[in-house]
Structures are given as structure tokens and as C-alpha cells.
Amino acid sequence: MAGGGVGTSLLLMAGIMVAVGLCRRLTRRRLRTHQRLCTFLLEMFSTFQICACTNELCLLGNVEPKPHTALTLTYGFTVLHGLTLTGSTCNPCGTLQPMWGGGISVKMGGLKITAQFMAAVLARVFMHFIWSLEMAEPHFGALSQGCSSPMQTTETQAFCIELLFSVVFQLSVLRVEGVNPKYKVHLIALLITMLVYAGGNLTGAIFNPALAFSLHANCFYDKFFSYSLVYWIAPSLGKFLILYVFKCYLVHASKNGYSLFDSLLVFCFK
């Protein structure tokens, strides 16, 4: 693939991030008094950025040298997302935690999840329009691919992989919650890159239901049960497992002087 095509894709993603940043800033200024609408739009814009950029990144997966270029781009853009989208979860699984803990109401959580899936659809439609213009080499033939079949293993194994990755990711987020934010974003980006390297060739290592739907909507249409089981239920179940352990062993941690992470390890490996 020509370097000019990659450069055009990078400029496109940079433009998306700049546009989303302006929209988020305008939303905060103009709709500060309308809390629900402001929350909805901020979550929608943020999820749109992640879904649109990831759709474009998927087209760069075969850029040489493989897989170094793809992993570097994954790490770099994950850092940029973390730095520019503060305050947004962009993941239905991430919204479940404050809902479970009572941090936000079920109605507000449902509003955020609705915004995330709307953004996933809008990002897919927008990127398909951009690809139809064929502005760069990676866009040639992108619309004719249909279902890209991200699952390169059995449904059972794919379910277990997405479940495991969701649990590992959530445990790691708990572990670094007290880290300085400017270092935390790099640690999380490194973790995501490692998970993509470990399982990307088997399931895509997505563990984000909204992003999965944006990337593989055709696959959901063709095999809804299989893909919803792997890319919606598995990461959500992983999140609920961590939340259950969190709830059951919070008292255990406080009584024995353990950190929460240490208490979770005691539970998992006793």
C-alpha cells in the first residue's frame, strides 16, 4: 500500500478528531444547563470518534511492516482518544458500572448506551460515504467487502476470548485507577494494544459492543445470534463478573487491609 494512501487516512482521522473536539466544546458551552441533552451529545460525539477512526484503522491492517504498523497506530490513536475524550465512556460495558453501583440512574445509563449505539451507526454510515469517494488507496473496494468475518475460530472459543479480554481489561483499569492520568492513558493504550496483538487475529479483540456493531454490522445482520453472543453478551458478562466480585469483596478488602485489586486476586486464585 502506498504511503500516500496511509497519509490520507491519517489526515482523515485527524480531521474527525478535530471536528469532534469542536463539537464537544460547543456542546459544553451552549448546552451546559440542559444536562441530559448535553450528556447524550457528548457521549454520541465521543463514541462517533472512536468508531469512525477504528473503521478507518481496520483498512490499514495490511500496511507493511505487519503487524508493527497496525499495532503502532492502534497504540497511538488509543492514546489520542484517551486524551481528547475525557469524561466519556464510549462503551456500553463501561456505562454498566456506574449504573450497577448507583452512580447514575438507569434512565441516564440507558440514555448513554442509546447515544453510543446511535454513534456507532452514524460512524458506519459516515465512513461508508467517505469510502465511496475513494479518496485514498485503502478505500478502493472497501464497500464491497460485506461481512469481514472477524471470528476466525469457533463461537465458543470466540466467546471465551472476548469474555477473558473484558475481564482482564476491567481488572487492569481497577489496578491503574490511582495512577496519574497522564501515565494512565498510556498504560491503558498499551494494554489494549497487547490484547489486540494477542487476539486480534481470532476475534478482533474488540470488547466494546457499540464498536463491534459499527465495525461488523453486516455480520450481525447475517448471524445475529452468534455475533451478539460474542461481541455483546461476552464483554457485558465480563463486566458483570468484575462488578459482582467488586461488590462481594469490597468489605473483605477493607476488613483485611488489602487494596481492592489485591482482594480480587485473593478471590480469583485462592
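Residues numbered from 1 in each chain as written. Predicted model: local features only at pLDDT ≥ 70, side-chain atom pairs only at ≥ 80, totals over all residues. Heavy atoms only, no water.

A. Looking closely at a positive patch on the surface. Positive charge collects at one region of the surface, where Arg25, Arg29, Arg30 and Arg32 lie side by side. Considering the arrangement of structural elements, one finds Arg29 in helix H1 (residues 3-30). (Patch = residues over 30% accessible without salt bridge, like charges linked within 9 Å, V, L, I, M, F, W, Y side chains within 5 Å. Areas by Shrake-Rupley, 256 points an atom, 1.4 Å probe, with all protein chains shown as cover. Salt bridge = Lys/Arg side-chain N within 4 Å of Asp/Glu carboxyl O. Lys, Arg positive; Asp, Glu negative; His and termini not counted. Charge placed at Lys NZ, Arg CZ, Asp CG, Glu CD. Helix = DSSP H or I, 4+ residues; strand = E, 2+ residues; numbered from the N terminus.)

B. Just the packing of aromatic side chains, in detail. One pass over the structure, following the stated rule, counts 10 aromatic pairs. Residues Phe117 and Phe213 carry aromatic rings whose centres are separated by 6.4 Å and whose planes lie at 65° to one another, so their mutual orientation is edge-to-face. A residue pair is termed long-range when its members are at least 10 positions apart, and Phe117 in helix H5 (residues 106-132) and Phe213 in helix H8 (residues 209-215) qualify at 96 residues. Each ring, one from Phe220 and one from Trp232, has its centre 5.0 Å from the other, and the planes form 25°; the classification is stacked. Of this pair, Phe220 sits in helix H9 (residues 217-222) while Trp232 sits in helix H10 (residues 224-256), placing them 12 residues apart in sequence. Among the residues examined, Phe220 registers a relative accessible area of 2% and is labelled buried. Three or more aromatic residues link up through ring pairs in this structure, and these residues are Phe117, Phe213, Phe220, Phe224, Tyr227, Tyr231 and Trp232. (Phe/Tyr/Trp six-rings, centres within 6.5 Å; stacked < 30°, edge-to-face > 60°. Buried < 20%, exposed > 50% of the residue type's maximum accessible area, 1.4 Å probe, protein only.)

C. Spotlight on helix H6 (residues 155-175). Here H6 is 21 residues long and its end C-alpha atoms lie 30 Å apart, about the 30 Å a rise of 1.5 Å per residue gives. For H6, the complete set of buried residues consists of Ala158, Phe159, Ile161, Glu162, Leu163, Phe165, Ser166, Val167, Phe169, Gln170, Leu171 and Leu174. (Expected span 1.5 Å × (residues − 1).)

D. Main features of the state of the cysteines. Summed over all chains, the structure comprises 0 disulfides. A disulfide-free cysteine, Cys53 has its sulfur positioned 9.6 Å from the sulfur of Cys51, the nearest such atom. Assessed through its relative accessible area of 0%, Cys53 is described here as buried. (Disulfide = S-S within 2.5 Å.)

E. Region of interest: unusual backbone geometry. In the segment running from Glu64 into Pro65, the intervening peptide bond is cis, with an omega of -5°. With respect to the element layout, Pro65 can be found in the loop between helix H2 (35-58) and helix H3 (68-84). Backbone torsion omega between Lys66 and Pro67 reads -5°, so that peptide bond is classified as cis. With respect to the helices, strands and loops of the structure, Pro67 is situated in the loop between H2 and H3. Residue Phe207 is not a glycine yet carries a positive backbone phi of 40°. Following the sequence through the fold, Phe207 ends up in the loop between helix H7 (181-199) and H8.

In short, the description is geometric, and any link to function would need to be established separately.
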